[in-house]
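# Summary of the model geometry
Below are the chains, spelled out letter by letter.
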Amino acid sequence: MFFGLSVSAHAFSPATAASADIRRTGFGVPHIRAENERGLGFGIGYAYAQDNLCLLANEVVTVNGERSRYFGPEQLTVEQRENRVSDMFFTWLNTPEAVQAFWQAQPTPVRDLVEGYAAGYNRYLAERRQQGLPQQCQGEWVRDIAAQDVVRLTRRLLVEGGVGQFAEALAGATPPQATAAINHDSRAYQLADARQQRFALDRGSNAVAVGSERSFNGRGMLLANPHFPWVGGMRFYQMHLTIPGKLDVMGAALPGLPMINIGFNQHLAWTHTVDSSKHFTLYRLQLDPKDPTRYLLDGQSLPMSKQSVTVQVKQADGQVTAVTRDLYSSQFGPIVQWPGKLDWDHQYAYSLRDANLENDRVLNQWYTMNQATSLEQLQASVHKIQGIPWVNTLAVDDKGQTLYMNLSVVPNVNAEKLARCSDPRMGTQMIVLDGSHSACAWDIDPNAAQKGIYAASQLPQLLRKDFVQHSNDSAWLANPAQPLTGFSPLISQEGQPLGWRSRYALARLGNPGQQGPLGVKDLQHMVMDDQVYLATQVLPDLLRFCAGDLGADAQALQPLCASLKAWDGRANLDSRLGLVHFQNIMQTLQKSSDIWRVAFDPKDARHTPRGLAVEQPAVAKALREAMLASVVMTNKMGLKADTRWGDIQVVSSGGQQTPIHGGPGTLGIYNAIQSVPREDGKLEVVSGTSYLQVVTFDEKGPHAQGLLAFSLSSDPASKYSRDQTEAFSKKQWSVLPFTEQQIKADPQYQVQNVSEAADKGGKVAAR
């Protein structure tokens, strides 16, 4: 018995104290080295807390459903969601049972990383408490974290592409004639609708993988250009992780993840782009006429399950009271109610089934990818584990192979079942299946890693030696020389118009038979040229319209037309007012599909649609109205003819502003930047180009250049909070030190050993 107890105790406590070396180079990028996973996780958690203590503390409160308790129910989260809605959603999502089941599914190395991460974060938090916490996170809500908090953060990440977009609809779902504890706030649903529309923009991405037939040296080249939020729980962090003899990988990771999401190692480089696949389906339930909390399945009346969700809510007088709501589910998933879109009445209700709710493989997936030593091994790991939630993967190796994989977690619903079980009037933007027949449930493939999803062998993938590219369209034309066709509409749809960023990339990569070698600068310039690709397709028509008879509007439109004529067709800091007018005009016109002179042709998707049909009266009328509206808008903003784009679009940190180039990806700007209006008339950047890397290889290994556009630290007081942002503003890439020689030769090199042992923590040695 004594032996059994000692073994059990050993399983829950490390034999030796975890320790790691945190070696920082230029811009404060940490190169974390440890002897094992627990030590590596400890170093990651400690370094991340040094740079983003308050950010992670805030996200931990969010995923634990405790925002109303500490900040009140009506304040908004970073995602512009009411605290009380956020808390209901995360309390529902991260039940103790769900968190425990996820944890039990993790292999030992992943558990060690996660436990080490929590311990490292806590160690730095304890040290910082002695110094005084940063101003933005002083309060009882800042606390030690546990491995379970990392699980909760991970589960939030998993459902970003699914039920996470329906938090209001889930928290507010109420049976008809019942009194809702949460009223159907129309503004909340408007914000939720806007978030859904912006999901692919805020979390879009570009990627180009170049193989031996096109690269300057016959080896692989990769451009990674993910477009992710600049604030909050999806803000990338740059780091380099090493366990001698086992792991050596550099890149970027999301908050709370002790592994690299996008990066490179000795033999490989990879990146991700948000895919267009479906990761959830809705089910329309036919309700029992006698009881709207029962539904009919194959003619049998079944009760919805009811889950009581309780959150602690801070009242106006400071007292905290418990608020409980009943949330309902069918066997297909939680009931969601979206007024005017997904109504719960006496006839129908809607369930949402998210495939990623059962994805407990995501951490193991990325950690296995981090350790891959060949492209074949990388691909095999994704085939076996199937843990990638809602992104494509593009990769290259040092031999000159390129790989595209649309191997995420996708519901197994083929085209025949979709036609039989869905209402064709709903289209394929949001899949709604018939919940009254069990035959409409997701199919089960024994070869899939999870019940109800497609097996990896049934998903799009492409191995080539010229190139593959992706910018958030379907898998169809990752390389036009080898179209990917014949998949379920839930996976990929061919014959659809390409986005302007994809068309720009394909134009830059060139036509088959006319392809020269590509170098590092070519890939960097794809982003940094800031070309507005849509302007190449329509600006001549706008200028031709301006040169025509403008009638009574001639005087009002003359300055606008002059600015368009003077504009260089780019979104640079020194681009003038023509860029603003072009954005305003095209964002209005693109709401209609009937504006094109040459309509979309699936046989020529790379070049259509194109040209504005300004000779058509309806298009001319819409264009004139859009132009006049832009004049009014720019006048209201106080913009002048010589106003620079860099004077308008900025990002703020610590009371200072940095001008940011780039603009909306919907205009074909590869350097996609999303910004929102401020009260002073400027635009504040909220998402877009985030972590940048261009990786090449030679016989010695990888050579990488990159940037983290919003900088390493979210703490305005940190010297690493604006430095890379300023470099990005100036279009100055930096070398990413990977080898020991590069790291130790860096002018900013410094070493800090951190350890769970009290007498060793935090010792710093400068080079």
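The structure presented is a predicted model; accordingly, all values stated were derived computationally and were not measured.

Rules of the game
Residues numbered from 1 in each chain as written. Predicted model: local features only at pLDDT ≥ 70, side-chain atom pairs only at ≥ 80, totals over all residues. Heavy atoms only, no water. Helix = DSSP H or I, 4+ residues; strand = E, 2+ residues; numbered from the N terminus. Buried < 20%, exposed > 50% of the residue type's maximum accessible area, 1.4 Å probe, protein only. Contact = heavy atoms within 4.5 Å. Areas by Shrake-Rupley, 256 points an atom, 1.4 Å probe, with all protein chains shown as cover. Axes fitted to C-alpha atoms, helices over the stretch in contact; angles between N-to-C directions. Parallel < 35°, antiparallel > 145°, perpendicular 65-115°, else oblique. Nonpolar A, V, L, I, M, F, W, Y, C, P; charged D, E, K, R; others polar. Disulfide = S-S within 2.5 Å. 1 Å grid on protein atoms, 1.4 Å probe; cavity = no way out; pocket = protein on both sides within 12 Å on 5 of 7 lines; lining within 4 Å. Points joined across faces, edges and corners; volume = space filled by probe spheres on them. Pairing = 2+ DSSP bridges. Core = buried A, V, L, I, M, F, W, Y, C linked by side-chain atoms within 4.5 Å. Phe/Tyr/Trp six-rings, centres within 6.5 Å; stacked < 30°, edge-to-face > 60°. Lys NZ or Arg CZ within 6 Å of the ring centre and 35° of its normal.

### Focus on the overall build of the chain
When helices and strands are counted, the chain shows 21 helices and 31 strands. Taking the principal axes of its C-alpha atoms as reference, the chain extends roughly 95 × 75 × 55 Å. Burial analysis of the chain (767 residues in total) assigns 60% to the buried set. Residue pairs at least 24 apart in sequence account for 68% of intrachain contacts in the chain once pairs closer than 6 positions are excluded. About 30100 Å² of surface is accessible on the chain, with carbon and sulfur atoms providing 50% of the total.

### Thoughts on the packing of helix H13 (residues 500–509) against helix H15 (residues 533–547)
Remark: H13 packs on H15, axes separated minimally by 8 Å, with the N-to-C direction vectors making an angle of 95°. Between H13 and H15, the crossing angle belongs to the class labelled roughly perpendicular. For the pair H13 and H15, the contacting residues are Trp 500, Arg 503, Tyr 504 and Ala 507 in the first and Tyr 533, Leu 534 and Gln 537 in the second. Tallied by class, the residues present in the contact of H13 with H15 amount to five nonpolar, one polar and one charged.

### Quick notes on the state of the cysteines
Within this structure, the stated rule accounts for three disulfides. Bridging Cys 54 to Cys 137, the disulfide has an S-S length of 2.1 Å. Judged by the torsion about the S-S bond (-55°), the Cys 54/Cys 137 disulfide is left-handed. Of this pair, Cys 54 sits in helix H2 (residues 37–63) while Cys 137 is found in the loop between helix H6 (108–131) and helix H7 (147–158), placing the two residues 83 residues apart along the sequence.

### Description of empty space enclosed by the protein
A complete count under the given rule lists seven cavities of 30 Å³ or more for this structure. In this model, the largest cavity occupies a volume close to 130 Å³. Of the residues in the lining of the largest cavity, the class split is 10 nonpolar, three polar and no charged.

### Let's talk about the pairing of strand E17 (residues 402–405)
Burial along E17 is two-sided: the residues Thr 402 and Tyr 404 and Leu 403 and Met 405 are all buried. Where strand E16 (residues 391–397) and E17 come together, four bridges link them in antiparallel fashion. Within E17, the residue paired with Ala 395 across the bridge is Leu 403. Linking E16 back to E17 in an antiparallel pair, the connection comprises four residues, with Gly 400 at a positive phi of about 100°. With four bridges joining them, E17 and strand E19 (residues 461–464) adopt antiparallel strand pairing. Bridging from a neighbouring strand, Leu 403 pairs with Leu 463 of E19.

### Re the nonpolar core
By size, the foremost hydrophobic cluster in this structure holds 237 residues, and its most contacted members are Phe 582, Ile 585 and Met 627. Tallying contributions element by element places H2 first for this core, with 15 residues. Filtering out sequence-adjacent residues up to four positions away, Ile 585 remains in contact with Leu 542, Leu 560, Leu 564, Leu 623, Ala 626 and Met 627.

### Structural notes on the packing of aromatic side chains
Counted by the stated rule, this structure contains 20 aromatic pairs. Here the aromatic rings of Tyr 283 and Phe 332 are separated by 4.0 Å at their centres, their planes lie at 15°, and the arrangement is stacked. Highlighted residues: Tyr 283 in strand E9 (residues 280–288) and Phe 332 in the loop between strand E13 (320–330) and strand E14 (333–336), separated in sequence by 49 residues. Accessibility classification places Tyr 283 together with Phe 332 in one group, the buried group. Summarising the aromatic geometry, the rings of Trp 500 and Tyr 533 are spaced 6.4 Å apart at their centres and angled 50° between planes, so their arrangement reads as tilted. You can see Trp 500 sitting in helix H13 and its partner Tyr 533 sitting in helix H15, a full 33 residues away along the chain. Classification of Tyr 533 as buried rests on a relative accessible area of 8%. These aromatic residues form a ring-pair network of at least three members: Trp 500, Tyr 504, Tyr 533, Trp 596 and Tyr 670. The positively charged end of Arg 284 is found above the aromatic ring belonging to Tyr 348, 4.1 Å away from the centroid.

From the geometry alone we can't say anything about function, so treat these as descriptive.
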